[in-house]
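Analysis of the macromolecular model
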Amino acid sequence: MIISTTETVPGAEVDEILGVVAGEAELGATVFRDIFASIRDFVGGRAGGYQQVLRDGRVMALDDMAEEAYQMGADAVIGVDIDYEAIGQNGSMLMVSVNGTAVRLRRAG
């Protein structure tokens with residue numbers, strides 16, 4: 001499955017638009033990550049625990065979206081948009097949402 005933030009795929013043309021697909025991932029932030037991130041913010045540096053949560057959430061949401069596109073018979077998802085948002089009481093959870101257009105492709109030329 002090709003997943004692209006662009007509207008085109010090199011060497012291919014959109015043959016058929018199948019519809020909008022989406023994927024979501026909601027992840028809780030643990031107390032320990034919050035504590036260590038606060039320490040990192042104070043002394044400087046990168047918050048590795050949060051970076052990993054962001055990566056994991058993005059992968060889960062993209063996989064969810066790709067599965068929906070696959071079920072529709074798509075070859076690719078184009079125009080993908082990725083959004084991150086803190087949700088829940090005091091922003092205690094992270095939501096990653098992705099959406100794009102499921103398409104069937106044909107070789108250009």
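Above: the structure in question.
All of the points below concern the structure found in this document. (Residues numbered from 1 in each chain as written. Predicted model: local features only at pLDDT ≥ 70, side-chain atom pairs only at ≥ 80, totals over all residues. Heavy atoms only, no water.)

Each helix and strand counted, the protein chain has 2 helices and 4 strands in total. Listing every helix and strand of the protein chain by position from the N terminus yields β-β-α-α-β-β. Going through the 109 residues of the protein chain one by one, you find that 26% of them count as buried. Considering only contacts within the protein chain whose residues lie at least 6 apart along the sequence, 78% involve residues at least 24 apart. Carbon and sulfur atoms provide 53% of the accessible area of the protein chain, an area that totals close to 7000 Å². (Helix = DSSP H or I, 4+ residues; strand = E, 2+ residues; numbered from the N terminus. Buried < 20%, exposed > 50% of the residue type's maximum accessible area, 1.4 Å probe, protein only. Contact = heavy atoms within 4.5 Å. Areas by Shrake-Rupley, 256 points an atom, 1.4 Å probe, with all protein chains shown as cover.)

It is worth spelling out the nonpolar core at this point. Formed by 15 residues in total, the largest nonpolar core has its most connected members in Val21, Met65, Ala69 and Val77. Mapped onto this core, the elements with two or more residues apiece are β2 (12-28), α2 (48-71), β3 (76-87) and β4 (93-107). Sort the elements by how many residues they give to this core and α2 lands first, with 5 residues. In this structure, Val21 is in contact with Met65, Glu68, Ala69, Met72, Val77, Val98, Asn99, Gly100 and Ala102, ignoring residues within four places of it in sequence. In this structure, Val9, Ala12, Ala76 and Leu105 belong to the second largest nonpolar core, which totals 6 residues. (Core = buried A, V, L, I, M, F, W, Y, C linked by side-chain atoms within 4.5 Å.)

Evaluation of the coordinates by the stated rule reveals 3 salt bridges. For Arg106, the salt bridge identified is with Asp15, shortest N-O distance 2.6 Å. In this pair, Arg106 sits in strand β4 while Asp15 sits in strand β2, placing the two residues 91 residues apart along the sequence. Arg106 sits in the partly exposed class, given a relative accessible area of 40%. Among the ionic pairs, Glu16 bridges to Arg104, the shortest N-O distance being 2.7 Å. Note that Glu16 is positioned in strand β2 and Arg104 in strand β4, a separation of 88 residues in sequence. Overall, Glu16 belongs to the partly exposed group, its relative accessible area being 35%. Judged by its relative accessible area of 29%, Arg104 falls in the partly exposed class. (Salt bridge = Lys/Arg side-chain N within 4 Å of Asp/Glu carboxyl O.)

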